[in-house]
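Structural characterization, general
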Amino acid sequence: MIKKQYLMIPGPTMVPERILRAMVREMINHRGPEFTKILTAVTEGVKKCFKTKNDLFIIPSSGTGGMEAAVVNILSEGDEVLVLNIGAFGSRWTKILKAYRANVDEIKFARGTAADVETVEKKLKSKKYSAVFFQQNETSTGVLNDVQSLAQVIKKYDTLIVVDAVSGLITADLRTDEWGLDVVVAASQKAFMLPPGLSFVSFSKKAWQYYEKSKMPRFYWDFKSMKDWADKGQNPFTPPVSLYYGLEESLKMIDEEGLENIFERHKKLRDITRDGLKKLNLKLLASDDVASCAVTAVFPPENINADDLRKKVKQNYSVVLAGGQEDLKGKIFRIGHLGYCLETDIMVSLDAISKCL
Ligand SMILES: Cc1ncc(COP(=O)(O)O)c(C=O)c1O
């Protein structure tokens, strides 16, 4: 029996046929002029999505690789850093930073809430930090941080601002240069509508000053080496060429729809998802004022296990939902509504959930 799958998880997202087709092409020499042309064009295209003129590196890795690359290019062992932890991906910053022996302080906010600016300022007043790490969008809880307000406060303390925008970029506005974000990380498998495998990291002039002082070990992730090669129109190592073909097509699609229209589409998808779930009398983890445009986290009714419900929705209707992470494992389920997602996909998902309930 033919089954059409609705991949409603917050990444990897569904990939449009246009992009799939673009990727199925013969290989080219990654040190030749054809690849240089692609690399130059896609780098400029991704910069537009970041709203930046900073250097931008396209790295063959998932989002976590981009996060690790950000860390090793700005810090030294023992540096004092602060993580604003509003969910599992905040915890990921902490894990990476600890692995590289930075001295990490963490402010842990209640799950389902955003980082509170006043609390952050109090902490910044108490100690000098080299850098502050946080998420634009916390995928595990479906919360959108107020990046602009956080950046405004952090900047007063002469601290590097590092933002994981992996699941938030393109679903909601992020103005790297205007808001003064020094390092921003994104990844291909979210609103770029591509398969996993590429991460994107923007790097400001101030970040380069940190690079000069940084003593963390690095080889594959060395941004100076990436920049030297990028100036020659190449990557230091063999790039995943097919994903670059896909990225060219994805950027064309983003350009055709227009970034501002894409933000509006995601707001609408968020709102119809939340309205539909509320009509089913389900409790949402995040309140409306901090709700993510990329993913919604929901509690099942009290007598129903979240993972059992997800299983049933997948078995009966081929709608794939995501589970909870960390302390929320088994307690919530999540609906991704980012990237190649339309109102119809949400209608199908809500109906499938309703029928299974
Ligand atoms: C907010 C956020 N940060 C980082 C990541 C990176 O994870 P991965 O390495 O699986 O791409 C993800 C992936 O879901 C994410 O949602």
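Residues numbered from 1 in each chain as written. Predicted model: local features only at pLDDT ≥ 70, side-chain atom pairs only at ≥ 80, totals over all residues.

Comments concerning the site of the ligand
Stated formally: Only the C-beta atom matters for nearness: placed from the backbone, it must lie within 6 Å of the molecule or strand for the residue to count as near. Classes in brief: Ala, Val, Leu, Ile, Met, Phe, Trp, Tyr, Cys and Pro nonpolar; Asp, Glu, Lys and Arg charged; the others, Gly included, polar.
For the ligand, the full set of nearby residues is Gly11, Ser62, Gly63, Thr64, Phe89, Gln135, Thr139, Asp164, Val166, Ser167 and Ala187. Among the residues making up the shell around the ligand, the classes are represented as 3 nonpolar, 7 polar and 1 charged.

With respect to the sheet that holds strand E8 (residues 160-164)
For the record, the criterion: In this analysis, strands are considered paired if DSSP registers two or more bridges between them. Think of it this way: any DSSP run of H or I at least four residues long counts as a helix, any run of E at least two long counts as a strand, and we number them from the N terminus. For helices, the fitted axis covers only the stretch in contact; all axes are lines through C-alpha atoms, and the angles between them, taken along N-to-C directions, range from 0 to 180 degrees. Contact between residues is assigned whenever the C-beta positions, reconstructed from backbone atoms, fall within 7 Å.
Taking strand neighbours across the sheet as the criterion, the 7 strands line up as E2-E10-E9-E8-E5-E3-E4 in an open arrangement whose pairing is mixed. Taken across any chain shown, the strands that pair with only one partner, and hence form the sheet edges, are strand E2 (55-59) and strand E4 (103-108). The mean inter-strand angle of the sheet, taken between neighbouring strand axes irrespective of direction, is 20°. Direction of pairing for strand E3 (residues 80-85) relative to E4: parallel, over a ladder of 6 bridges. Bridge pairing in E4 links asparagine 85 to lysine 108. Contacts from helix H4 (residues 88-99) reach E3, E4, strand E5 (131-135) and E8 within the one sheet, and its direction differs from that of E3 by about 160°.

Describing the environment of asparagine 29
Definition in use: Counting other C-beta atoms within 10 Å of a residue's C-beta gives its exposure: the residue is buried at 20 or more, exposed at 12 or fewer, and partly exposed in between, where C-beta atoms are placed from the backbone.
Among the structural elements, asparagine 29 can be located in the loop between helix H1 (17-23) and helix H2 (33-50). Judged by local crowding, asparagine 29 falls into the exposed class, with 10 C-beta atoms found within 10 Å. Separated by 209 residues in sequence, asparagine 29 and threonine 238 place their C-alpha atoms 9.6 Å apart.

Observations concerning the nonpolar core
Put simply, the test is: Nonpolar cores are built from buried Ala, Val, Leu, Ile, Met, Phe, Trp, Tyr and Cys residues. These are joined into a set through C-beta atoms within 7 Å. An automatic or database domain assignment supplies the residue ranges for each domain.
Counting residues in hydrophobic clusters, the biggest one holds 106 residues, and the most contacted among them are Val81, Val132 and Val183. Split by domain, the residues of this core number at least three in each of domain 1 (6-13 + 258-356) and domain 2 (18-255). Apart from the residues within four sequence positions on either side, valine 183 is in contact with Ala70, Ile74, Leu160, Val162, Val201, Ser202, Phe203 and Ala207.

Quick word on the environment of threonine 159
Within the element layout of this structure, threonine 159 appears in the loop between helix H6 (147-155) and E8. Judged by the 20 C-beta atoms lying within 10 Å of it, threonine 159 falls in the buried class. Once the C-alpha coordinates of threonine 159 and lysine 128 are considered, the two residues, 31 residues apart in sequence, prove to be 8.1 Å apart. With residues near it in sequence (within four places) discarded, threonine 159 still touches Leu124, Tyr129, Ser130, Ala131, Val132 and Ile154.

Thoughts on the domain arrangement of the protein chain
Split into domains, the protein chain comes out as domain 1 (6-13 + 258-356) and domain 2 (18-255). Relative placement of domain 1 and domain 2: their C-alpha centres are 26 Å apart. Taken together, the 26 residues of domain 1 in the interface contact 27 residues of domain 2. Looking at the side of domain 1 that touches domain 2, the elements with two or more residues in it are helix H10 (259-279) and strand E12 (295-299). No other element matches the 4 residues that H10 contributes to the side of domain 1 that touches domain 2. Here the side of domain 1 that touches domain 2 is built from residues that sort into 16 nonpolar, 7 polar and 3 charged.

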